[in-house]
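# Coordinate inspection notes
Spelled out from the first residue to the last, the chains are:
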Amino acid sequence: TLVAEMTAGIRNMQQLMEEFPRDRRTKVKLKELIDRRKKYLKYMRRWDYKRFEWLLEKLNLVYRPPPR
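The following refers to the structure shown.

Let us look at the packing of aromatic side chains. One pass over the full model with this rule turns up 3 aromatic pairs. With a centroid separation of 6.4 Å and an interplanar angle of 45°, the aromatic rings of tyrosine 43 and tryptophan 47 are classed as tilted. Residue tyrosine 43 and its partner tryptophan 47 are located together in helix H2 (residues 24–47), separated by 4 residues, close to a single helical turn. The exposure class of tyrosine 43 is partly exposed, given its relative accessible area of 48%. Owing to a relative accessible area of 62%, tryptophan 47 belongs among the exposed residues under this scheme. For the ring pair phenylalanine 52 and tyrosine 63, a centre distance of 5.2 Å and an interplane angle of 90° mean the geometry is edge-to-face. With phenylalanine 52 in helix H3 (residues 49–59) and tyrosine 63 in the segment after H3, this pair connects stretches of sequence that are 11 residues apart.

Let us look at the side chain of threonine 7. Considering the arrangement of structural elements, one finds threonine 7 in helix H1 (residues 2–19). One polar contact links the side chain of threonine 7 to the main-chain carbonyl oxygen of valine 3, over a distance of 2.8 Å. Looking at threonine 7, its side chain comes within polar contact range of the side chain of arginine 37, at 3.1 Å. In this structure threonine 7 touches Arg37, Leu59 and Leu61, once residues within four positions along its chain are discounted.

Moving on: the layout of surface pockets. Approximately 300 Å³ is the volume found for the largest pocket. Across the lining of the largest pocket, the residue classes tally to 8 nonpolar, no polar and 5 charged.

Further remarks concern unusual backbone geometry. The phi dihedral of asparagine 60 is positive, around 55°, even though this residue is not glycine. Note that asparagine 60 resides in the segment after H3.

Take the packing of H1 against H2 next. In contact at an axis separation of 10 Å, H1 and H2 are set at 155° when each is read in the N-to-C sense. Relative to H2, H1 is oriented roughly antiparallel. The element H1 and its partner H2 pack so that their crossing is left-handed. Between H1 and H2, the residues in contact are Leu2, Val3, Met6, Thr7, Gly9, Ile10, Met13, Gln14, Leu16 and Met17 and Thr26, Lys27, Lys29, Leu30, Leu33, Ile34, Arg36, Arg37, Tyr40 and Leu41, respectively. Taken together, the residues of the contact of H1 with H2 break down into 12 nonpolar, 4 polar and 4 charged.

About the thresholds
- Residues numbered from 1 in each chain as written.
- Predicted model: local features only at pLDDT ≥ 70, side-chain atom pairs only at ≥ 80, totals over all residues.
- Heavy atoms only, no water.
- Phe/Tyr/Trp six-rings, centres within 6.5 Å; stacked < 30°, edge-to-face > 60°.
- Helix = DSSP H or I, 4+ residues; strand = E, 2+ residues; numbered from the N terminus.
- Buried < 20%, exposed > 50% of the residue type's maximum accessible area, 1.4 Å probe, protein only.
- Polar contact = N/O pair within 3.5 Å; in protein donor to acceptor, adjacent residues only side chain to side chain.
- Contact = heavy atoms within 4.5 Å.
- 1 Å grid on protein atoms, 1.4 Å probe; cavity = no way out; pocket = protein on both sides within 12 Å on 5 of 7 lines; lining within 4 Å.
- Points joined across faces, edges and corners; volume = space filled by probe spheres on them.
- Nonpolar A, V, L, I, M, F, W, Y, C, P; charged D, E, K, R; others polar.
- Axes fitted to C-alpha atoms, helices over the stretch in contact; angles between N-to-C directions.
- Parallel < 35°, antiparallel > 145°, perpendicular 65-115°, else oblique.
- Left-handed = near helix turned anticlockwise from the far one by under 90°.

Have a look at this one:
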């Protein structure tokens, strides 16, 4: 799925950031990708909660909803 691809990209970029912590371009792309994934997860949580939970379990993610 799209969220799984984003997660793989995020994890790759996180490894790059550990190796090159001053790389600004990667840092910006990483933040954008994290925000996009968060948006998709928020949508999925609203419309298909069972699939949302399954996906979090498979990808080993923790979802924290935004404060009200």
